[in-house]
Amino acid sequence: VGARPSPFRAGELALAEMRRKYNTTLKLLCQLAAGGMLASPGGLLPHADIIGQLPGQEMRTSTGTRLLLRRPSLEDYVLLMPRGPTIAYPKDVIAILMMLDVHPGDTVLESGSGSGAMSLFLSRAVGPKGHVISYEIRNDHHNLAKKNYRQWRSAWEIGHMEEWPDNVDFILKDILTAAADMKSVTLDAIVLDMLNPQSVLPVVHPSLKQGGVCAVYLANITQVIDLLDTIRTCKLPFLCEKIIEVTHRNWLVLPAPYIARPSYWQDAHSAFLTKLRKFQPPVS
């Protein structure tokens, strides 16, 4: 039997969803505080009215607009948290995690930390007995990643009454100078999200276990070609197993006389995944 949901508490994160035109949704993330106020285009809602309520309920703002209140998922959080550099989007993170086949207890190297999105997903994947080592060369990105990670951990503990693993080491350092650090580490997997990943491979590959996977996140095919050229010319011990481009398509489905339509051309072999969430309507 699953645990019953607990009420919202001060200090945790709450996500408010407001329906807009054409069945679109505006999402607002806030950290609850006794004297706080959630400001939306549809009016104000005091945090005090949210605290003590169960998630999954609709509440009305000062102007009568309905807001669905719930706890944010990790996907919600990384899309709405403060960011400096562009994050690794959840659709890409899922593909990377599948490539890596990360298990609880694994040790994973990440470079660079960015805004902390990939770090959070890796933290959950390796679990309390695992370890994530995240290198970042820029001080502002390093500090932002740590801040986002700590906010999620503290809010999670308040809202779920259990601790999120403290298993990520954020290191402010150029990974090109980290060869000495890597000698004492055995890595199960590596994730590289940086401009010139080919320059890092000679430094990190000695620490990657035999058969281990390195997933490289690149913006365009020209960068992929440069990476493969370096692996070939430098005779690095890597085999390129696959190169994929991840697409994501939302659908809008409305009652007649409207029709269901994709955001762009739908291919013949797509599968439909529909996400449903239970909620409690407001009392009239």
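Residues numbered from 1 in each chain as written. Predicted model: local features only at pLDDT ≥ 70, side-chain atom pairs only at ≥ 80, totals over all residues. Heavy atoms only, no water.

- The name given to the chain in an unreviewed UniProt entry is tRNA (adenine(58)-N(1))-methyltransferase, with Heliornis fulica as the source organism.
- Here is the UniProt Catalytic activity (unreviewed entry) comment for the chain, exactly as written: "an adenosine in mRNA + S-adenosyl-L-methionine = an N(1)-methyladenosine in mRNA + S-adenosyl-L-homocysteine + H(+)". (UniProt positions renumbered as here; feature names shortened; annotations may be inferred.)

## Observations concerning the pattern of salt bridges
Pairs may arise between side chains of opposite charge once their charged atoms sit close together.
Item 1. A full pass over the atoms with the stated rule returns 11 salt bridges.
Item 2. A salt bridge links Lys209 to Asp188, with the nearest nitrogen and oxygen atoms 3.1 Å apart. With Lys209 in strand E11 (residues 208-216) and Asp188 in strand E10 (residues 187-192), this pair connects stretches of sequence that are 21 residues apart.
Item 3. For Asp188, a relative accessible area of 19% puts it in the buried group.
Item 4. Salt bridges sharing common partners tie together Glu17, Lys27, Arg70 and Asp76. (Salt bridge = Lys/Arg side-chain N within 4 Å of Asp/Glu carboxyl O. Helix = DSSP H or I, 4+ residues; strand = E, 2+ residues; numbered from the N terminus. Buried < 20%, exposed > 50% of the residue type's maximum accessible area, 1.4 Å probe, protein only.)

## Description of the side chain of His142
Item 1. As for its position among the elements, His142 is in helix H5 (residues 139-160).
Item 2. Residue classification places His142 among the buried positions, given a relative accessible area of 6%.
Item 3. His142 has contacts with Glu136, Phe170, Ile171 and Leu172, leaving out every residue within four places of it along the chain. (Contact = heavy atoms within 4.5 Å.)

## With respect to the nonpolar core
Item 1. Ranked by size, the top nonpolar core spans 31 residues in total, and within it Val78, Leu100, Leu120 and Trp152 carry the most contacts.
Item 2. Elements that contribute at least two residues to this core include exactly helix H2 (74-80), helix H3 (90-100), helix H4 (117-126), H5, strand E9 (168-172) and E10.
Item 3. At seven residues, H4 tops the list of elements feeding residues into this core.
Item 4. Counting 18 residues, the second-largest nonpolar core is a separate cluster that includes Tyr135, Met182, Leu187 and Leu201. (Core = buried A, V, L, I, M, F, W, Y, C linked by side-chain atoms within 4.5 Å.)

## Focus: the sheet that holds strand E7 (residues 107-111)
Item 1. In spatial order, the strands read E9-E8-E7-E10-E11; together these five strands make up an open sheet with parallel pairing. The open sheet has two free edges, formed respectively by E9 and E11, since each of these has just one partner strand. Going across the sheet, the axis of each strand differs from the next one's by a mean of 20°, ignoring polarity.
Item 2. Relative to strand E8 (residues 131-136), E7 is paired through five bridges, and the arrangement is parallel. Looking at E8, one finds that Glu110 is bridged to Ser134.
Item 3. Sheet strands in contact with H3 are E10 and E11, and its direction is about 165° off that of E11. (Pairing = 2+ DSSP bridges. Axes fitted to C-alpha atoms, helices over the stretch in contact; angles between N-to-C directions.)

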